[in-house]
Amino acid sequence: MGTHNSFEQDVEVLYLQHHGWLKGWLQRRLGEAADADDLAHDTFVRIIRARSPVAELKQPLAYLATIANSLLVNRWRRLAVERAYAEALAAQPEALDLSAEARYLLIETLTEIDAVLHGLSPRVREVFLLSQLDGLSYKQIAAQLGLSVNQVQKAMLKAFSRCYASLFE
């Protein structure tokens, strides 16, 4: 129980000492105070959830910037997915009428898929997309990319393993 209170106190000290700096750092990158507030808050939420010791950080600003930058990249990736979805929807002959909740869940799913795909190496990602989106056989992929069928099979195994692992993260 004492460790729990000590951790909370350490996070509080980190917050009091560096929240203003973090918010300014984020605001320079985002241009909006409200968004900077949200991401600064999310940074400290992530620290609390991770429960990693913060009392003895040698470079607390670098630690905060690393976490906040990761959240920033996730945010920009999500916005890119939302834009792509809106463009794809606008290109459809008849716009689908989704509820706000269904649209949110769809964007959330697309963002998760995007994160999994970006976790793959470029070659494995290309093999996976050629198979799953373009419907090419392993033999066709091998011929197109100048690989052996065995290399394509190994790449697909890596991709499917990553997809499966993402279900439990």
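Each value, and the rule that gives it
Residues numbered from 1 in each chain as written. Predicted model: local features only at pLDDT ≥ 70, side-chain atom pairs only at ≥ 80, totals over all residues. Heavy atoms only, no water. UniProt positions renumbered as here; feature names shortened; annotations may be inferred. Helix = DSSP H or I, 4+ residues; strand = E, 2+ residues; numbered from the N terminus. Expected span 1.5 Å × (residues − 1). Buried < 20%, exposed > 50% of the residue type's maximum accessible area, 1.4 Å probe, protein only. Arc of directions from axis to C-beta. Contact = heavy atoms within 4.5 Å. Salt bridge = Lys/Arg side-chain N within 4 Å of Asp/Glu carboxyl O. pLDDT = per-residue confidence, 0-100. Core = buried A, V, L, I, M, F, W, Y, C linked by side-chain atoms within 4.5 Å. Patch = residues over 30% accessible without salt bridge, like charges linked within 9 Å, V, L, I, M, F, W, Y side chains within 5 Å. Areas by Shrake-Rupley, 256 points an atom, 1.4 Å probe, with all protein chains shown as cover.

- If you check an unreviewed UniProt entry, the chain appears there as Sigma-70 family RNA polymerase sigma factor from Pseudomonas ulcerans.
- Of the chain, the UniProt comment under Sequence similarities (unreviewed entry) reads exactly: "Belongs to the sigma-70 factor family. ECF subfamily."

**A word on helix α7 (residues 149-166)**
- The first and last C-alpha atoms of α7 sit 26 Å apart over 18 residues, in line with the 26 Å expected at 1.5 Å per residue.
- All buried positions along α7 are accounted for by V152, A155, M156 and A159. Projected down its long axis, α7 shows its buried positions confined to an angular sector of 100°, all on one face. Of the exposed residues in α7, those oriented more than 90 degrees away from the buried face are L157, K158 and Y164.
- Where α7 is buried, its residues contact α5 (122-132) and α6 (138-145).

**Some remarks on the pattern of salt bridges**
- Here the structure, examined in full by the defined rule, presents five salt bridges.
- Among the salt bridges present, the one from E82 reaches R78, with a minimum N-O distance of 3.1 Å. With a gap of four residues between them, E82 and R78 both fall in helix α3 (residues 60-91), about one helical turn apart.
- For R78, the salt bridge is made with E108, and the minimal N-O distance between the two is 2.5 Å. Here the residue R78 occupies a position in helix α3, and E108 occupies one in helix α4 (residues 100-118), the gap between them amounting to 30 residues.
- Here the salt bridges do not stand alone but share partners, grouping R78, E82 and E108 into one network.

**Some details on the confidence of the model for the chain**
- The predicted model of the chain has a mean per-residue pLDDT of 86, with 94% of residues at 70 or higher.
- Here α4 is the element of the chain with the lowest mean pLDDT, 84, and α6 is the one with the highest, 94.

**Concerning the nonpolar core**
- In terms of nonpolar packing, the biggest core is built from 19 residues, with L22, L26, F44 and I47 touching the most fellow members.
- Listed by contribution, the elements that provide at least two residues to this core are α1 (2-30), α2 (33-50) and α3.
- The element best represented in this core is α1, accounting for seven residues.
- With residues up to four places along the chain from it excluded, the contact list for L22 reads A40, T43, F44, L64 and A68.

**What to know about unusual backbone geometry**
- A positive phi angle, near 55°, is found at R51, a position not held by glycine.
- Tracing the backbone shows R51 in the loop between α2 and α3.
- For R51, a relative accessible area of 39% puts it in the partly exposed group.

**Let's talk about α2**
- End to end, α2 covers 26 Å across 18 residues, agreeing with the expected 26 Å (1.5 Å per residue, within 8%).
- R51, located one to two residues past α2, shows a positive phi value of around 55°.

**Things to note about a nonpolar patch on the surface**
- A cluster of nonpolar side chains, namely V73, W76 and L79, defines an oily patch on the protein surface of about 240 Å² accessible area.
- For V73, the position within the fold is in helix α3.

**Brief notes about the environment of A86**
- By the element assignment, A86 lies in helix α3.
- Its relative accessible area of 45% is what places A86 among the partly exposed residues.
- Sequence separation between A86 and Q151 is 65 residues; the distance between their C-alpha atoms is 36 Å.

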